[in-house]
Amino acid sequence: MESDQDVAISTRIRIARNLKDFDFPLYLNIEDADKLTNTVLDTMKESFDDNYKFFRIRDLSVKERLMYMEEHLISPELTRQIDKSSFLLRGDEKATIMINEEDHLRIQTLLSGLNLDAAWRLCSEIDDKLESKLNYAYDSDLGYLTACPTNVGTGMRASVMLHLPCLSIINHMNSLTEAIRKLGLTVRGLYGEGTEASGNLYQVSNQTTLGQTEEEIINKLNKIIIQIVGKERNVRKYLKEKKGFELEDKIYRSFGILKHSRLMSSKEAMNHLSALKLGFDCGYLLNDSGINIIELMIEIMPATMQKKLNVDLDKNERDKIRAEIIRNHLSRMEV
Amino acid sequence: MLCDKCKVNTAKLHYTKIINGKVEELHLCEICAIENQDFDMDNPFSIHKLFTGLFENIKDKNEESTEEITCSNCGLTLSRFKKTGKLGCAKCYEDFNEYLQPVIQGIHGHKHHIGKSPKRLSPDIKLQKDIEGLSVELEDAVKKEEFEKAAEIRDEIKRVKEQLRTCKG
Ligand SMILES: [Zn+2]
Ligand SMILES: [Zn+2]
């Protein structure tokens, strides 16, 4: 049986907002950056009853910053202006409000599966609450004004993370990426711009932000994602029927390596975990101990691993501990 | 430590790069770091670079006529913007409008925002938006040859325009 997260893993929407009375973050001095931060925090206190935790980047260790990045809860950009930036993380980790990123506010929602409507609703709700007290920089012609003209208008970037191992096996990713780009969308690896698609994970998102409503952007993205998901599922079915033995072999080899390795780089781990997930989703392997592969992929990222264990590790030690973590997770799996 | 490039701001970002076996170090402030993204190992392909290229093309076209344009609010110069690709404040959009318009059109293929707008818009922007909305309705009514309805909408537009005039004082 196909789970609904067999291909579409998660949905993320972020919107950029700026306050009228402040220069954009890059040109703010630290005092004004703090003033702006306090204005936002006051608004949060007045308008929000959900439980948010507040973090200043300067109070976090480098490892902690990386961990939040690896979990996609904050953007890399947020950690570049150490003295000015901070973020609020909702208790359930479904929403982050980043303060003094490239823009004054970046509101982000992160939901599992393909869930664009709900992610947009949540994002827009938070936006409304903030806007009830804050004066946004808005122009009736250009919409929400942003530090970079590439984001002006809706200020919205909607993206869906996809697991596409079989489209990769049949070497279809290049032409698919090309086709998606022609439709005005962007395809990137797991950690954004320029990162390679490790673990066969891809993020597909809208490229432009001006001239369409948020709903139009989301509907278009949704339609295309559904098509890609359908393609991946078809190829899975095809490979299972026509090349079932080869596919099964690939999956079991990966399983064997994951179950018995003593040293494992994150790149190697990502590729084998991708095959393992495929094994679960195609019914070659039974996930009886309920392993969440995507969570495991994040758990073995360098910073997250070191933060959780609270130690500094060199590469060789990391590869050793990574292999150990994976073996532990798979130890209860029967074949 | 001062920024290696502007020698004004404090250096916040530190880079090392090995070129032909020689280690090169660079200490930059946040603003200069953005101009130097090719030095940034974490960001081998930067979409920003792509767009600054776009901004620079605009410069070439207008080269003869340009004297430096400066934002009247934040003091950012247009040439600085062309280097970083980042504007300084909301007012920059007005003061650099002539240069930004073709850039924005080039990036997005559109000139006008039609999505969400703040609920607490200042009254004149709100009225302006109302007029735009009514104009679309009017066009639609004319197209469908619903002339009675069209006349009603036209009166409504007149009324809102009058309101806008008094509101602007
Ligand atoms: Zn500098
Ligand atoms: Zn300005």
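Residues numbered from 1 in each chain as written. Chains lettered and ligands numbered in written order. Predicted model: local features only at pLDDT ≥ 70, side-chain atom pairs only at ≥ 80, totals over all residues. Heavy atoms only, no water.

1. Description of the overall build of chain A
Stage number 1. The helix and strand inventory of chain A stands at eleven helices and ten strands.
Stage number 2. What you see for chain A is a C-alpha radius of gyration of 21 Å, in line with the 20 Å of a compact globule of 335 residues.
Stage number 3. Overall, the C-alpha framework of chain A stretches about 65 × 45 × 35 Å when taken along its three principal axes.
Stage number 4. Residues counted as buried form 57% of the 335 residues belonging to chain A.
Stage number 5. Of the contacts made within chain A by residues no fewer than 6 positions apart, 69% connect residues no fewer than 24 positions apart.
Stage number 6. Carbon and sulfur atoms provide 47% of the accessible area of chain A, an area that totals close to 14400 Å².
Stage number 7. Across chain A, the centroid of the 46 positively charged side chains sits 5 Å from that of the 52 negatively charged ones. (Helix = DSSP H or I, 4+ residues; strand = E, 2+ residues; numbered from the N terminus. Rg over C-alpha atoms; globule rule 2.2 N^0.38 Å. Buried < 20%, exposed > 50% of the residue type's maximum accessible area, 1.4 Å probe, protein only. Contact = heavy atoms within 4.5 Å. Areas by Shrake-Rupley, 256 points an atom, 1.4 Å probe, with all protein chains shown as cover. Lys, Arg positive; Asp, Glu negative; His and termini not counted. Charge placed at Lys NZ, Arg CZ, Asp CG, Glu CD.)

2. A look at the coordination of the zinc ion (ligand 2)
Geometrically, a metal with four donors at the corners of a regular tetrahedron has ideal angles of 109.5 degrees, and one with six donors at the corners of a regular octahedron has ideal angles of 90 or 180 degrees.
Residue and element names in this part refer to chain B.
Stage number 1. The protein atoms that coordinate the zinc ion (ligand 2) are C71 (SG), C74 (SG), C89 (SG) and C92 (SG), at distances spanning 2.3 Å.
Stage number 2. In this structure, the zinc ion (ligand 2) is coordinated by four donor atoms arranged in tetrahedral fashion, with angles at the metal of 102 to 124°.
Stage number 3. Donor residues for the zinc ion (ligand 2), ordered by position in the chain, follow C-x2-C-x14-C-x2-C. With a gap of 18 residues between them, C71 in the loop between α2 (47-61) and α3 (78-84) and C89 in the loop between α3 and α4 (90-95) connect regions that are remote in the sequence.
Stage number 4. A relative accessible area of 3% places C71 in the buried class. (Donors = N, O, S within 2.8 Å, 3.2 Å for Na, K, Ca; no water. Tetrahedral: all angles 85-135°; square planar, octahedral: opposite > 155°, others 65-115°.)

3. Topic: the interface of chain A and chain B
Stage number 1. Contacts between the two partners involve 48 residues from chain A, matched on the other side by 44 residues from chain B.
Stage number 2. Regarding the contact of chain A and chain B, the summed buried area is about 4000 Å², with carbon and sulfur atoms giving 57% of it.
Stage number 3. When the buried surface of chain A facing chain B is broken down by residue, Y27, R80 and P149 of chain A rank first, second and third, together holding 18% of it.
Stage number 4. Remark: the boundary between chain A and chain B carries four salt bridges.
Stage number 5. Here K116 of chain B and D128 of chain A are joined by a salt bridge, their closest N and O atoms 2.9 Å apart.
Stage number 6. Inspection of the region where chain A meets chain B yields 17 residue pairs in polar contact (both at pLDDT 80 or more).
Stage number 7. Put simply, the parts of the chain that give the side of chain A that touches chain B at least two residues each are α3 (116-131), β7 (143-144) and α6 (214-242) of chain A.
Stage number 8. No other element matches α3 of chain A, which puts five residues into the side of chain A that touches chain B.
Stage number 9. Residues belonging to the side of chain A that touches chain B are distributed by class as follows: 16 nonpolar, 17 polar and 15 charged. (Buried area = accessible area lost by both parts, 1.4 Å probe. Salt bridge = Lys/Arg side-chain N within 4 Å of Asp/Glu carboxyl O. Polar contact = N/O pair within 3.5 Å; in protein donor to acceptor, adjacent residues only side chain to side chain. Nonpolar A, V, L, I, M, F, W, Y, C, P; charged D, E, K, R; others polar.)

4. Here's the deal with the packing of aromatic side chains
Both the distance between ring centres and the angle between the ring planes are used here to describe each pair of aromatic rings.
Residues and elements named next belong to chain A.
Stage number 1. Taken as a whole and assessed by the stated rule, the structure comprises six aromatic pairs over all chains.
Stage number 2. Measuring from ring centre to ring centre gives 5.4 Å for F55 and Y68, while their planes differ by 50°; the resulting arrangement is tilted. Of this pair, F55 sits in strand β2 (residues 52-56) while Y68 sits in helix α2 (residues 62-70), and the two are 13 residues apart along the sequence.
Stage number 3. A relative accessible area of 15% places F55 in the buried class.
Stage number 4. On the numbers, 5.0 Å between centres and 25° between planes, the contact of F55 with F87 is stacked. (Phe/Tyr/Trp six-rings, centres within 6.5 Å; stacked < 30°, edge-to-face > 60°.)

5. Some remarks on unusual backbone geometry
Residue and element names in this part refer to chain A.
Stage number 1. In this model, H72 sits at a positive phi of 65°, which is unusual for a non-glycine residue.
Stage number 2. Counting through the fold element by element, H72 comes out in the loop between α2 and β3 (86-90).
Stage number 3. For N100, which is not glycine, the phi dihedral falls at a positive 55°.
Stage number 4. Relative to the elements of secondary structure, N100 occurs in the loop between β4 (95-99) and β5 (105-112).

6. Here we look at the pairing of β3 of chain A
Residue and element names in this part refer to chain A.
Stage number 1. A large share of β3 lies buried, amounting to five of its five residues.
Stage number 2. Side chains of β3 alternate between two faces, with S86, L88 and R90 and F87 and L89 buried alike.
Stage number 3. Pairing between β2 and β3: five bridges, direction antiparallel. Looking across to β3, one finds that F55 is bridged to F87.
Stage number 4. Summarising the sheet, β3 and β4 pair through four bridges and their orientation is antiparallel. Considered in β4, the bridge of L89 is made with T96. (Pairing = 2+ DSSP bridges.)

7. Quick word on the packing of helix α7 (residues 244-260) of chain A against helix α8 (residues 266-281) of chain A
Residue and element names in this part refer to chain A.
Stage number 1. Two elements in contact, α7 and α8, have axes separated by 8 Å at closest approach and are oriented at 130°. The angle between α7 and α8 falls in the class oblique. Like other packed secondary-structure pairs, α7 and α8 cross with a definite hand, here left-handed. Residues L247, I251, S254, F255, I257 and L258 of α7 pack against E268, A269, H272, L273, A275, L276, L278 and G279 of α8.
Stage number 2. For the contact of α7 with α8, the class distribution of residues is ten nonpolar, three polar and one charged. (Axes fitted to C-alpha atoms, helices over the stretch in contact; angles between N-to-C directions. Parallel < 35°, antiparallel > 145°, perpendicular 65-115°, else oblique. Left-handed = near helix turned anticlockwise from the far one by under 90°.)

8. So, the domain arrangement of chain A
Often, the extent of an interface is quoted as the loss of accessible area upon association of its parts.
All names here are of chain A.
Stage number 1. Per the domain assignment, the segments of chain A are domain 1 (8-233) and domain 2 (244-330).
Stage number 2. The centre of domain 1, based on its C-alpha atoms, is set 28 Å off from the matching centre of domain 2.
Stage number 3. Where domain 1 meets domain 2, there are one salt bridge.
Stage number 4. For K63, the salt bridge identified is with D312, shortest N-O distance 3.1 Å.
Stage number 5. When residues of the side of domain 1 that touches domain 2 are traced back to their parent elements, those giving at least two are α2 and α4 (165-169). (Domains from an automatic or database assignment.)

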